[in-house]
Amino acid sequence: MTDFFSPELGYTALFFLSFLAATILPLGSEWLLIAMVAGSYEPASSVLVATAGNTLGACTTYAIGIWGGAYIIHHILRMDEAAQAKAQRFYSRWGSWSLLLSWVPVIGDPLCLVGGIARVRFPLFLLLVLIGKFARYALLAWITLQAP
């Protein structure tokens, strides 16, 4: 277990765990960030590494929505044309802003998937997801540093 927290592996492990946690895998990376910040790791570096990994994982989920969207809509969700049009109109009007909540457990990954399916412009997707994920990790690091 101590090897896992070695300086050589710590940031790498945080990056990959954060990446995987932003895909459809039921993982969390918050615990490792907290452990690292509470230990001897640089808080700013830890936040940036976790944010980068988690954001790239969200981009992977977005890409699955882009390229697998038709399959998901037709074979998994079984939506007809009318339901698709209604969902597209709703998401076009309000959905992009929901990406600020991409950090929320359980709903965040599906929001990124729907962002891809709805073809949210990638720069907007990236900006909103990056803001949400950075804010979450920065807040966790700050709270950890405030603990006695």
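Since the structure is predicted, the reported quantities are computational estimates derived from the model, not experimental observations. (Residues numbered from 1 in each chain as written. Predicted model: local features only at pLDDT ≥ 70, side-chain atom pairs only at ≥ 80, totals over all residues. Heavy atoms only, no water.)

Enquirer: Got a minute to help me understand the packing of aromatic side chains in this structure?
Expert: In this description, an aromatic ring pair is defined by two values, namely the gap between the centres and the angle between the planes. This structure, assessed with the given rule, holds five aromatic pairs. For the pair Tyr 11 and Tyr 41, a centre-to-centre distance of 5.1 Å together with 85 degrees between the ring planes defines the contact as edge-to-face. Placement of Tyr 11 in helix H1 (residues 7-21) and of Tyr 41 in the loop between helix H2 (30-38) and helix H3 (43-76) is noted, with a sequence separation of 30 residues between them. With relative accessibility at 11%, the residue Tyr 41 sits in the buried group. Ring geometry for Tyr 62 against Phe 122: centres 5.5 Å apart, planes inclined by 55 degrees, an arrangement best described as tilted. Taken together, the positions of Tyr 62 in helix H3 and Phe 122 in helix H6 (residues 122-146) put the pair 60 residues apart, joining distant regions of the chain. Site record: aromatic cluster; members linked through ring pairs are Tyr 62, Phe 122 and Phe 125. The ring of Tyr 137 is capped by Arg 136, whose NZ or CZ atom sits 4.0 Å from the centre of that ring. (Phe/Tyr/Trp six-rings, centres within 6.5 Å; stacked < 30°, edge-to-face > 60°. Helix = DSSP H or I, 4+ residues; strand = E, 2+ residues; numbered from the N terminus. Buried < 20%, exposed > 50% of the residue type's maximum accessible area, 1.4 Å probe, protein only. Lys NZ or Arg CZ within 6 Å of the ring centre and 35° of its normal.)

Enquirer: What exactly am I supposed to notice about unusual backbone geometry here?
Expert: Only a minority of non-glycine residues have a phi that is not negative, and only a minority of peptide bonds are not trans. The phi angle at Arg 119 is positive, at roughly 60 degrees, despite the residue not being glycine. Position of Arg 119 relative to the elements: it lies in the loop between helix H5 (108-117) and H6.

Enquirer: Is there a simple way to think about the layout of surface pockets in this case?
Expert: Space left empty within the atom packing is revealed by a probe, the size of a water molecule, rolled over the atoms. Of the volumes computed, that of the largest pocket is approximately 320 Å³. Residue lining of the largest pocket: 14 residues in total, with Met 79, Ala 87, Tyr 91, Val 114 and Ile 117 positioned closest to the centre. Counting only elements with at least two residues in the lining of the largest pocket, the list comes to H3, helix H4 (81-98) and H5. Examining the composition of the lining of the largest pocket, we find that five residues originate from one element, H4, more than from any other. Of the residues assigned to the lining of the largest pocket, the class counts are 12 nonpolar, two polar and no charged. Volume-wise, the second largest pocket comes out at about 180 Å³. Along the wall of the second largest pocket there are 19 residues; nearest its centre are Ala 21, Leu 27, Trp 103, Pro 105 and Asp 109. Of all elements in the fold, only H5 and H6 reach the threshold of two or more residues within the lining of the second largest pocket. (1 Å grid on protein atoms, 1.4 Å probe; cavity = no way out; pocket = protein on both sides within 12 Å on 5 of 7 lines; lining within 4 Å. Points joined across faces, edges and corners; volume = space filled by probe spheres on them. Nonpolar A, V, L, I, M, F, W, Y, C, P; charged D, E, K, R; others polar.)

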